[in-house]
Amino acid sequence: MSQFFEPKLIKALKDQPTPFYYYDLDVLDQTLQAIKKAVGDSPYHIHYAIKANANPEILKKIKSYGFGIDCVSGEEVAAALKHGFRVEQIAFAGVGKRDDEIELGINAGIFTFNVESLEELQVIQEIAEKLDSEVNVALRFNPNVNAKTHEYITTGLEENKFGINEWELDELFELMPKLKRLNIRGLHFHIGSQITDLSVYKNLCNRVNDFQQKFRERGYQLDHINVGGGLGVNYDDPDAELIPDFERFFNIFKEFVHLYPRQRLHFELGRAIVAQCSALISKVLYVKKGVKKNFAILDAGMTELIRPALYQSYHKIQNLSRLDDDTDHAYDVVGPICESSDCFGKSVKLPESKRGDIFAIRSTGAYGEVMRSNYNLRKDAKTIYKHEIL
Ligand code: LLP
């Protein structure tokens, strides 16, 4: 029996037209409470990475916990403002900020631009001059720390496009006094996503201390350090760990990052906050016999959830119509899209499944709905919250 799906809920889900994204905001609440508890009275501030999921109800709940927002586009900055997040809690990162996006952030008066290159610093300086404004920035460094995750979501290695490299420091220190409109307030790092080997965060902390030391030697006082996000979740067995181990995560930073008096440590968590509060619900359209294996063909596909096709990522799949049956049949669970990569899982152990059965694809709260597309001219899947149907 699954903790996430009680029989009454399954009955209610079966009445809804598929496919749809199902959200349990109680799970989100418990997750947010766990973060608050783990942070305790440390001078830590959380910016939710809105790229993971920008649903209004999700944002409302996250805002109610006083979190800020981490954005990577002008559109995300606008969405954060529209949903009532305080402008002084909005950070804006990204390697390719357009001029109009920079202007938007400056005019709104956001907390910081997390700046990714020396050229970007000069562009922001020019735009700030034009607008006759001062701008708060944090410098995003590439710490060259291996996050030991999928190569597409690794961001902290020297060969990645993100951040300023350590070997550019001399040039940076020469440039900084010329950036009269910029207040350099912090350092920013983000090494990757879905990090499950937490020892890599210890390596990040050591690099943070090195960088901070170099700035102090030059007389720069920084009011915050931003260590990004990346904490992974349990995709294999979501019910065993619906709430990630935030205590363990924050303790690494408590132990290894050297903060100076009045300095704050910022985090940009996305996935760990929202992944487990959602499942993609879909119906079996056909069960097709192949030469060596059978296919369960769903009415959801890579248009609704692209992660398996794009990153070969694993999402647990359950047949909600037969939760108590033995999982003694193997299926390739596929979608209806005209692409062979439109596959949610190969040789998935499931009960014998039939047309009309309801499947749940778990842990889809992060980078699920936000990454959907209308390929094959399919329409957007609906969003259904637990409180709407129970
Ligand atoms: N901060 C920055 C600068 C980022 O680039 C990201 C994610 C985050 C924070 C949040 O990371 P999180 O805590 O969610 O791991 N679409 C991919 C994930 C891409 C992550 C991009 N950056 C996926 O579905 O796995």
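Just above sits the structure.
Owing to the predicted nature of the structure, the values given are computational and were not obtained by experimental measurement. (Residues numbered from 1 in each chain as written. Predicted model: local features only at pLDDT ≥ 70, side-chain atom pairs only at ≥ 80, totals over all residues. Heavy atoms only, no water.)

(A) Representation of the packing of aromatic side chains. Per the counting criterion, the structure on display carries 23 aromatic pairs. Look at Phe249 and Phe253: their rings are 5.1 Å apart centre to centre, the planes differ by 70 degrees, and that puts the pair in the edge-to-face class. Here Phe249 and its partner Phe253 are both found in helix α9 (residues 246-256), four residues apart, which amounts to about one turn of the helix. Look at Phe249 and you get buried, because its relative accessible area is 0%. Through a chain of ring-to-ring contacts, the aromatic side chains of Tyr44, Tyr201, Phe249, Phe250, Phe253 and Phe267 assemble into a single cluster. (Phe/Tyr/Trp six-rings, centres within 6.5 Å; stacked < 30°, edge-to-face > 60°. Helix = DSSP H or I, 4+ residues; strand = E, 2+ residues; numbered from the N terminus. Buried < 20%, exposed > 50% of the residue type's maximum accessible area, 1.4 Å probe, protein only.)

(B) Looking closely at the pairing of strand β2 (residues 44-49). Across the six residues of β2, six count as buried, placing the element largely inside the fold. By the alternation rule, side chains of β2 split into Tyr44, Ile46 and Tyr48 and His45, His47 and Ala49, which are all buried. Note: β2 against strand β9 (residues 264-267), three bridges, orientation parallel. Bridging across to β9, Tyr44 finds its partner in Leu265. Note: β2 against strand β3 (residues 68-71), three bridges, orientation parallel. Across the sheet, the residue bridging to Tyr48 is Ile69, located in β3. Following the chain from β2 across helix α3 (residues 56-64) to the adjacent parallel β3, one finds a crossover that is right-handed. (Pairing = 2+ DSSP bridges. Right-handed = clockwise from strand over helix to strand, strands pointing away.)

(C) How the structure looks around the pattern of salt bridges. Inspection of the entire model under this criterion finds 23 salt bridges. As a salt-bridge pair, Arg185 and Asp223 come within 2.6 Å of each other at their nearest N and O atoms. Note that Arg185 is positioned in strand β7 (residues 182-188) and Asp223 in the loop between α8 (199-217) and β8 (224-226), a separation of 38 residues in sequence. On the accessibility criterion, Arg185 (24% relative accessible area) is partly exposed. Given the relative accessible area of 29%, Asp223 is considered partly exposed. Each member of the salt-bridge network shares a partner with another, and the members are Glu75, Arg98, Asp100 and Glu101. (Salt bridge = Lys/Arg side-chain N within 4 Å of Asp/Glu carboxyl O.)

This is a description of form; function is not addressed.
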